[in-house]
Amino acid sequence: PEIKEVHTLIPISASRVLAPDFVNKTGAASLASPARWTFDFGQEFSGHVRLKLPAGVPSSTNFTLSFGEVLAHPPLKVVVRGVEGPGVTSYDGSVYLGNLFWANQVDRFESAEAGNEPQTYEQRFTYHAFRYVELTASPPLPPEIASEIGVGSLEGVNLRTAAREQSRMWIGNPVLSKLSSNSWWTEASGLIGMPHGAGARGERAGWTGDAAAASESESFDFDSCAFFTQFLKQIAATSCRADGTIANCVPATDPRRDGLAPQSDPATCSGLSSDPTWSTVSVSYTHLRAHETPEHLVCRLLLEKKNMHNAQQS
């Protein structure tokens, strides 16, 4: 019978709940000028939000949540479904989605039957990476209901692979401290089942070169041995057995961008997309041994097994 392997990947879970620092409301609750709220969490992170609506929201009201890294401002261009349009003419507080490639960071909810109890909506089957969230309602909410929506109406749920946090750094210089914090949050946003090239854009895939560049700091800040062990197994399973070529992206790249290309044949390398820089990426993971903990020897054992296999093939 076929030998089955134990799945070593640790689960993806909510690591913390964040509150927005600020909310900006534009317009009024009227058909002529519907209200729009823009929430600023002060920090980009991966996850989704929990929308808490006051009692009395009319049934079948459509709420749209748009998630972005930046706000729209000149000289950015309006981009709709990948097609570039006219330039942004003013700084109006709206969320900018034009830099996200083919990612669609928009959630929509329809309110339930109106009642005397508040309503809560939370997306369960997706995630985004964002700092800003724009909320709109259609048809516009009655003024007395719209006035109750504020900074407490939204919570950010941070999702990532549940790798143990294993480092802390305190820096007296505020600029360096912020730089260190930004690096940590970028790493955390990239640990979603596989090392992602980017959390917000359409590059939510296992780009091997991006993963190699970030893996050393990720292994320092997080106990990511099981995480990268699983990824190394995926690299080995999808590499070309004929000459050892490693793909640019493991698993295959996003078909929405690259089209429905045929799956590569590991035996013949047919259909394998690769280049010299990305094909040598596996070597960069050897530094994982430097961050090995006594209770997680699997990284070292896997690397030694891979080296032994390569020696036998040469």
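Refer to the structure presented above.
Cut-off values and rules
- Residues numbered from 1 in each chain as written.
- Predicted model: local features only at pLDDT ≥ 70, side-chain atom pairs only at ≥ 80, totals over all residues.
- Heavy atoms only, no water.
- Core = buried A, V, L, I, M, F, W, Y, C linked by side-chain atoms within 4.5 Å.
- Buried < 20%, exposed > 50% of the residue type's maximum accessible area, 1.4 Å probe, protein only.
- Helix = DSSP H or I, 4+ residues; strand = E, 2+ residues; numbered from the N terminus.
- Contact = heavy atoms within 4.5 Å.
- Phe/Tyr/Trp six-rings, centres within 6.5 Å; stacked < 30°, edge-to-face > 60°.
- Expected span 1.5 Å × (residues − 1).
- Axes fitted to C-alpha atoms, helices over the stretch in contact; angles between N-to-C directions.
- Parallel < 35°, antiparallel > 145°, perpendicular 65-115°, else oblique.
- Left-handed = near helix turned anticlockwise from the far one by under 90°.

Student: When you look at the nonpolar core in this model, what are you seeing that I'm missing?
Tutor: Within soluble globular proteins, side chains that are nonpolar tend to cluster in buried spots. Ranked by size, the top nonpolar core spans 32 residues in total, and within it Leu65, Val133 and Leu141 carry the most contacts. Where this core is concerned, the elements lending two or more residues are strand 3 (36-53), strand 4 (62-68), strand 11 (128-138), helix 1 (143-146), helix 2 (174-190) and helix 4 (225-238). In terms of residue count, the dominant contributor to this core is strand 3 (7 residues). For Leu65, the contacting residues outside a window of four places in its chain are Val49, Leu51, Gln105, Val106, Asp107, Phe109, Val133, Glu134, Leu135 and Leu154.

Student: Looking at this structure, I do not really get the packing of aromatic side chains. What am I missing?
Tutor: Summed over the entire model, instances satisfying the criterion amount to 9 aromatic pairs. Measuring from centroid to centroid gives 5.9 Å for Phe41 and Phe130, while their planes differ by 75°, and the two rings are edge-to-face. With Phe41 in strand 3 and Phe130 in strand 11, the pair connects residues that are 89 residues apart, well separated along the chain. With a relative accessible area of 4%, Phe41 lands in the buried category. Centre to centre, the rings of Phe109 and Tyr121 are 5.6 Å apart; their planes meet at 45°, and the pair counts as tilted. Of this pair, Phe109 sits in strand 9 (residues 106-110) while Tyr121 sits in strand 10 (residues 119-122), and the two are 12 residues apart along the sequence. Judged by its relative accessible area of 13%, Phe109 falls in the buried class.

Student: Help me out: how do you make sense of the environment of Phe228 in this one?
Tutor: Relative to the elements of secondary structure, Phe228 occurs in helix 4. Under the relative-accessibility criterion, Phe228 is labelled buried at 0%. In sequence terms Phe228 and Thr8 are 220 residues apart; their C-alpha atoms lie 9.4 Å from each other.

Student: Any chance you could explain the side chain of Glu69 here in plain terms?
Tutor: The topology assignment puts Glu69 in the loop between strand 4 and strand 5 (70-71). With residues up to four places along the chain from it excluded, the contact list for Glu69 reads Glu44, Asn99, Leu100, Ala129, Arg131, Tyr132 and Ala200.

Student: Whenever I open this one, helix 4 confuses me. Can you help?
Tutor: Because each turn of an α-helix spans 3.6 residues, side chains separated by three or four positions end up pointing in the same direction. In this model helix 4 runs 20 Å from its N-terminal to its C-terminal C-alpha over 14 residues, within 8% of the 20 Å that 1.5 Å per residue would give. Listed as buried for helix 4 are Cys225, Ala226, Phe227, Phe228, Thr229, Gln230, Phe231, Leu232 and Ile235.

Student: How do you make sense of the packing of helix 3 (residues 208-221) against helix 4 when you look at a structure like this?
Tutor: The axes of two packed helices give the description: the angle between them and the distance between them. Packing of helix 3 against helix 4 leaves a shortest axis separation of 12 Å and a crossing angle of 160°. With respect to helix 4, the axis of helix 3 lies roughly antiparallel. Of the two possible hands of crossing, helix 3 and helix 4 adopt the one that is left-handed. For the pair helix 3 and helix 4, the contacting residues are Thr208, Ala211, Ser215, Glu218 and Ser219 in the first and Phe228, Phe231 and Ile235 in the second.

The values are spatial; any link to function lies outside them.
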